[in-house]
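Inside the fold
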Amino acid sequence: MEQCACVERELDKVLQKFLTYGQHCERSLEELLHYVGQLRAELASAALQGTPLSATLSLVMSQCCRKIKDTVQKLASDHKDIHSSVSRVGKAIDRALSLLLRQNFDSEICGVVSDAVWDAREQQQQILQMAIVEHLYQQGMLSVAEELCQESTLNVDLDFKQPFLELNRILEALHEQDLGPALEWAVSHRQRLLELNSSLEFKLHRLHFIRLLAGGPAKQLEALSYARHFQPFARLHQREIQVMMGSLVYLRLGLEKSPYCHLLDSSHWAEICETFTRDACSLLGLSVESPLSVSFASGCVALPVLMNIKAVIEQRQCTGVWNHKDELPIEIELGMKCWYHSVFACPILRQQTSDSNPPIKLICGHVISRDALNKLINGGKLKCPYCPMEQNPADGKRIIF
Amino acid sequence: MAVQESAAQLSMTLKVQEYPTLKVPYETLNKRFRAAQKNIDRETSHVTMVVAELEKTLSGCPAVDSVVSLLDGVVEKLSVLKRKAVESIQAEDESAKLCKRRIEHLKEHSSDQPAAASVWKRKRMDRMMVEHLLRCGYYNTAVKLARQSGIEDLVNIEMFLTAKEVEESLERRETATCLAWCHDNKSRLRKMKTCKKALQPSRREPAGRGAPGHGHAGLPARHAHLPVQAPESGVRLHRLPWFFLLLTLCILSDLLDPARWRMLIQQFRYDNYRLHQLGNNSVFTLTLQAGLSAIKTPQCYKEDGSSKSPDCPVCSRSLNKLAQPLPMAHCANSRLVCKISGDVMNENNPPMMLPNGYVYGYNSLLSIRQDDKVVCPRTKEVFHFSQAEKVYIM
């Protein structure tokens, strides 16, 4: 981002100035102290000898005094000079980042909805905390979730927590390259995993086999006997099994130097964690990303758009345009993956259909909203706006997406 | 990730969300700079004073001993100056480096590698959550989360912990910490024309008068009582009128009901936020509200719950309740999703209507077809596959 780069430049300048000033300050004060120290030594020896202050020494002393005064005053004013650079950083930040969010302490300037929508009710705050706890469990941050439950005195049922605790245990084991718990889990959920077309069990066996291979010729017998586990997967993963069997040839040579070195890639471990998480979440009926993550991410897309439109509305002083707080004033593009529900917008009236204004399928197959249909009735008959097919309004059939 | 965010969108969002991330450490830098300047000025004036004394002595005919002792004094003051200067510069440098670290982190949003970008996004959510938790008062959780996510440098924990100390001391009806805070931030508070201590005039008035409004809207008349400029003097504390009045407050504290203290805490909180140019709501809350609105459809709230989707965040238990008072998403163009598979229905998967009026994707109907019949998943009615009619959506 261009403006961030500007802030960074100013910061670098300030850091540089601090560095040079600091060095200069220390050095000149050191010199001064050294110089004064020398003078003091001379004076001290003069005092011992009982001689009075000589004229030269007196002159040197006054020069020294002047030098001290000049040096320290310059130090003070040099530091003051850095101030302009520091305040430039602040100005750069103000320029780079938006004012819109800053000013919201006064009223609902930035609020998409009234700021107080959630504050007003203690209950809503509790629900929000609950949503955060659920999110933390799903992300595997169990200790943080526990802490939040304690601090906010929320009670989370054990049945909700249980699957996450188990998943987390298995994932931690996987991170330490311990395949045991994961295999146990995969075997116990074999049927459902097969329904999902998951190859988790096979992949776990494969990783174990590869690890045995990496152990060198000593592990050959063990590897071979372990290969028996591949038998149930022979049909689906024939090619991969062949590859692994083939790699046995290079066992003595060492797998790293063979064409099969890719089997030893550490990315397999990262991949197995991901596969496990994905399959486990599907089994639990959860999406991989917690609902809170998705909502937050969608908010990140929506926020600047809504702020802009609010600014435009206020600037053009047409606040009347967005006065019904039941719908946002503008569409937010989140991408196709976020189309969770069907939405039908009548192509004629450009409005979303609802229960009171449902979509109607005409005889020709085109779909319009009931309000649009009523508007198109002309003398008891209806002409489809897309294909000029005359039909009876009563023939329109209500459809449900 | 479900939500697509292009680099340009990330930049736009950054502009809107990240002001506190940079501004708060900058204000600390500013504060430390001013403190450093004061320290250096003060020590410089001490040195100058001692040197002036030495010069005066030299102009007369001094005994060597007295010169030596004065010189010792000069050496001492110079050493103090050196030490203070080094310390102050270190503190300033530290603040500046913190600002730099945060900027460098923010820059990573535009990284080319997709893995780095998704890590950045996850950290962003964690950062906003930490700030939100701090505002709610769940300090331990916030610190734990920050540590686990590796974002301790990037969130303003310090600021909130300082505020926590003040608030807790006020709850115990002690004013010392709060006063110290006021003194610490007095130049900025003065600029804000705070009416923080505006309660004082009302202590003689009946309790009902002081309307505990949000911010300063309810207390306009009180501004007039407070001088904006406090006279500078060596013993500044005693001159600041609000301190004096607050001192009276302490003495009379037994006579004040708890409501006054709560009001003071509230006022402190709002002033603290304004001081750091933060809003009253966390960025997390605002983002979440916007996000829920953007996803919310009427089908998430159908009475019989028939149209809930397992993937839709707004249909999930907690978020469903949270999103209830929020506006719906605005859709100008149709988008159809098959209830069976969740796939989009378009030219590649045309929507087909069964005789009961329910619509499914062609591919899904193929997959549930058995013996040329299909069973509507929602009404359980059985139809012939051929009875499905294509519908045309413009």
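Residues numbered from 1 in each chain as written. Chains lettered and ligands numbered in written order. Predicted model: local features only at pLDDT ≥ 70, side-chain atom pairs only at ≥ 80, totals over all residues. Heavy atoms only, no water.

Considerations on the overall build of chain B
Condition: By definition, any uninterrupted DSSP run of H or I lasting at least four residues is a helix, any uninterrupted run of E lasting at least two residues is a strand, and each is numbered from the N terminus. Exposure categories follow from relative accessible area, calculated using a 1.4 Å probe and restricted to protein chains: below 20% of the type maximum is buried, above 50% is exposed, and the middle band is partly exposed. Contact criterion: two residues are considered in contact whenever any of their non-hydrogen atoms come within 4.5 Å of each other. Working definition of accessibility: Shrake-Rupley area with a 1.4 Å probe, residue cover restricted to the visible protein chains.
Looking only at helices and strands, chain B features 14 helices and five strands. For chain B, the proportion of its 394 residues judged to be buried stands at 51%. Restricting the contact set of chain B to residue pairs at least 6 apart, pairs at least 24 apart contribute 60%. Summing over all exposed atoms, chain B offers an accessible surface of approximately 18100 Å²; the carbon and sulfur share of this is 52%.

A closer look at the sheet that holds strand 5 (residues 389–390) of chain B
Residue and element names in this part refer to chain B. Put simply, the test is: In this description, strands pair whenever DSSP reports at least two bridges between them.
Taken together, three strands build an open sheet; the order of strands is 2-1-5 and the sheet is antiparallel. Taken across any chain shown, the strands that pair with only one partner, and hence form the sheet edges, are strand 2 (359–361) and strand 5. With three bridges joining them, strand 1 (residues 351–353) and strand 2 adopt antiparallel strand pairing. In the sheet register, P351 faces strand 2, and the bridge partner there is G361.

Observations concerning the environment of F385 of chain B
Residue and element names in this part refer to chain B. Take F385: it is sitting in the loop between strand 4 (382–384) and strand 5. Residues F385 and D126, spaced 259 residues apart in sequence, show a C-alpha to C-alpha distance of 50 Å. F385 has contacts with Y362, L365, L366, R369, D372, K373 and V374, leaving out every residue within four places of it along the chain.

Remarks on the side chain of S198 of chain A
Residues and elements named next belong to chain A. Worth spelling out the cut-off: We define a polar contact as two N or O atoms separated by no more than 3.5 Å, with the added condition that, inside protein, one atom must be a possible hydrogen donor and the other a possible acceptor, whereas residues neighbouring each other in sequence contribute only through side-chain atom pairs.
With respect to the helices and strands, S198 occurs in the loop between helix 8 (190–195) and helix 9 (200–214). From its side chain, S198 meets the backbone nitrogen of L200 in a polar contact 3.1 Å long. Those residues in contact with S198, other than ones at most four positions away along the chain, are L193 and D279.

Considerations on the interface of chain A and chain B
Threshold: Note on terms: buried area is the combined drop in 1.4 Å-probe accessible area of two parts once they are placed together, counting the loss on both. Every case where a carboxyl oxygen of Asp or Glu lies within 4 Å of a side-chain nitrogen of Lys or Arg is listed as a salt bridge.
With 136 residues of chain A at the contact, the number on the chain B side is 141 residues. When the two sides are added together, the surface that chain A and chain B hide from each other amounts to roughly 13000 Å², 69% of it contributed by carbon and sulfur. There are 11 salt bridges connecting chain A and chain B. The shortest N-O distance in the salt bridge between E8 of chain A and K100 of chain B comes to 3.2 Å. Here chain A is connected to chain B by 39 residue pairs in polar contact (both at pLDDT 80 or more). Only helix 1 (2–49), helix 2 (55–96), helix 3 (116–119), helix 4 (122–139), helix 5 (142–151), helix 13 (291–315) and strand 6 (397–398) of chain A provide two or more residues apiece to the side of chain A that touches chain B. Counting residues per element, the side of chain A that touches chain B draws most heavily on helix 1 of chain A, at 22 residues.

A closer look at the nonpolar core
Nonpolar side chains in soluble globular proteins tend to be buried together. Convention followed: Nine residue types can take part in a nonpolar core, namely buried Ala, Val, Leu, Ile, Met, Phe, Trp, Tyr and Cys, and a core is a set of them joined through side-chain atoms within 4.5 Å.
Within the largest apolar cluster, 71 residues are counted, with the highest numbers of intra-cluster contacts made by L136 and L292 of chain A together with F284 of chain B. Looking at this core, the element that brings in the most residues is helix 13 of chain A, giving 10 residues. Apart from the residues within four sequence positions on either side, L136 of chain A is in contact with M141, V144, A145 and L148 of chain A together with M129 and L145 of chain B. L11, L15, L32 and I68 of chain A belong to the second largest nonpolar core, which has 59 residues in total.

Considerations on the packing of aromatic side chains
Residues and elements named next belong to chain A. Heads up, the rule is: To pair, rings of Phe, Tyr and Trp, with the six-membered ring standing in for Trp, must have centres within 6.5 Å; the planes then decide the type, stacked if under 30 degrees apart, edge-to-face if over 60, and tilted in the middle.
Tallied over the entire structure, the rule returns 10 aromatic pairs over all chains. Ring geometry for W185 and F276: centres 5.1 Å apart, planes at 75°, overall edge-to-face. Note that W185 is positioned in helix 7 (residues 180–188) and F276 in helix 12 (residues 267–284), a separation of 91 residues in sequence. Judged by relative accessible area, W185 falls into the buried class, the value being 6%.

Focus on empty space enclosed by the protein
Residues and elements named next belong to chain B. To keep it simple, the criterion reads: The way it works is a 1 Å grid over only the protein atoms, where trapped points that fit a 1.4 Å probe form a cavity and open points with protein on both sides within 12 Å along at least five of seven lines form a pocket, and then any residue with an atom within 4 Å of a point lines it. Grid points are joined across faces, edges and corners, and a volume is the space filled by probe spheres set on the points. Throughout this entry, Asp, Glu, Lys and Arg are counted as charged residues, while Ala, Val, Leu, Ile, Met, Phe, Trp, Tyr, Cys and Pro are counted as nonpolar. The remaining residues, Gly among them, count as polar.
The final tally for this structure, using the stated rule, is six cavities of 30 Å³ or more. Considering the residues around the largest cavity, the lining is formed by 13 residues, among which P20, T21, R127, E131 and N156 are closest to the centre. The biggest single contributor to the lining of the largest cavity is helix 4 (residues 114–136), with three residues. Of the residues contributing to the lining of the largest cavity, the split by class is seven nonpolar, three polar and three charged.

Here we look at the sheet that holds strand 5 (residues 390–391) of chain A
Residues and elements named next belong to chain A. A sheet is described by the order of its strands in space; here three strands give the open sequence 3-4-5, paired in antiparallel fashion. Because the sheet does not close on itself, it has two edges, and the strands there are strand 3 (377–378) and strand 5. Relative to strand 5, strand 4 (residues 381–383) runs antiparallel, the two being bridged by two bridges. By the bridge assignment, L382 is partnered in strand 5 with Q391.

Thoughts on the pattern of salt bridges
For the structure shown, the criterion picks out 35 salt bridges over all chains. We note a salt bridge from E94 of chain B to R32 of chain B, for which the minimum N-O separation is 3.8 Å. Taken together, the positions of E94 of chain B in helix 3 (residues 64–107) and R32 of chain B in helix 2 (residues 19–59) put the pair 62 residues apart, joining distant regions of the chain. Looking at E94 of chain B, the relative accessible area reads 51%, which means it is exposed. Overall, R32 of chain B belongs to the partly exposed group, its relative accessible area being 29%. Its salt-bridge partner being E152 of chain B, residue R147 of chain B comes within 3.5 Å of it at the nearest N-O pair. For E152 of chain B, a relative accessible area of 41% corresponds to the partly exposed category. Among the charged side chains, a network of salt bridges with common partners joins E8 and D12 of chain A together with K100, E104 and K107 of chain B.

Considering a nonpolar patch on the surface
So the rule is basically this: Like charges are joined within 9 Å and nonpolar side chains (Val, Leu, Ile, Met, Phe, Trp, Tyr) within 5 Å, but only among residues with over 30% relative accessible area and no salt bridge; these make up the patches.
A cluster of nonpolar side chains, namely I348 and Y386 of chain A together with Y392 and M394 of chain B, defines an oily patch on the protein surface of about 360 Å² accessible area. Take Y392 of chain B: it is sitting in the segment after strand 5. On the basis of relative accessible area, Y392 of chain B is assigned to the partly exposed category, the value being 38%.

Focus on the confidence of the model for chain B
Residue and element names in this part refer to chain B. What counts here: Confidence per residue, as judged by the predictor, is encoded in pLDDT with a range of 0 to 100.
Scored by pLDDT, chain B comes out at a mean of 80, with 84% of its residues at no less than 70. Of all the helices and strands in chain B, helix 9 (residues 236–239) carries the lowest mean pLDDT, 38, while helix 5 (residues 139–149) carries the highest, 94. Counting contacts from residues 198–240, a segment whose pLDDT is below 50, to residues more than four positions away or on other chains yields 51 contacts. This complex was scored by the predictor with a pTM of 0.81 and an ipTM of 0.81.

Section: the state of the cysteines
All names here are of chain A. For the record, the criterion: The term disulfide is used for any two cysteine sulfur atoms that are within 2.5 Å.
Taken as a whole, this structure holds zero disulfides over all chains when the rule is applied. You can see C6 has no disulfide; the closest cysteine sulfur is in C4, sitting 9.7 Å from it. With no disulfide of its own, C65 lies closest to C64 among cysteine sulfurs, the gap being 5.7 Å.

Remarks on the packing of helix 13 of chain A against helix 4 of chain B
Filter applied, for reference: Helix axes are fitted only over the stretch in contact, all axes being lines through C-alpha atoms; the angle between N-to-C directions runs from 0 to 180 degrees. Roughly parallel means an angle under 35 degrees; roughly antiparallel, over 145; roughly perpendicular, 65 to 115; everything else is oblique.
Interhelical geometry of helix 13 of chain A versus helix 4 of chain B gives an angle of 95° and a closest axis separation of 11 Å. The angle between helix 13 of chain A and helix 4 of chain B falls in the class roughly perpendicular. The residues of helix 4 of chain B that touch helix 13 of chain A, namely those facing L292, S293, F296 and C300 of chain A, are R124, M125, M128 and M129 of chain B. When the residues that make up the contact of helix 13 of chain A with helix 4 of chain B are grouped by side-chain class, the tally is six nonpolar, one polar and one charged.

Examining helix 11 (residues 258–275) of chain B
For the α-helix, the turn length of 3.6 residues means that residues three or four positions removed from each other point alike. As a reminder of what qualifies: How far a helix is expected to stretch is found by multiplying one less than its residue total by 1.5 Å.
Taking 1.5 Å per residue, 18 residues should reach 26 Å; helix 11 of chain B reaches 25 Å between its end C-alpha atoms and fits that length. One or two residues past the end of helix 11 of chain B sits Q277 of chain B, with phi positive at roughly 55°.

Points about the packing of helix 4 of chain B against helix 5 of chain B
All names here are of chain B. Short version of the rule: Whether a crossing is left-handed or right-handed is set by the direction in which the near helix is turned from the far one by less than a right angle, anticlockwise for left-handed and clockwise for right-handed.
The N-to-C vectors of helix 4 and helix 5 enclose an angle of 165°; their axes lie 8 Å apart at closest approach. The pairing of helix 4 with helix 5 is recorded here as roughly antiparallel in orientation. The way helix 4 lies across helix 5 gives a crossing that is left-handed. Judged by residue contacts, K123, D126, M129, V130, L133 and L134 of helix 4 engage Y139, T141, A142, L145, A146 and S149 from helix 5.

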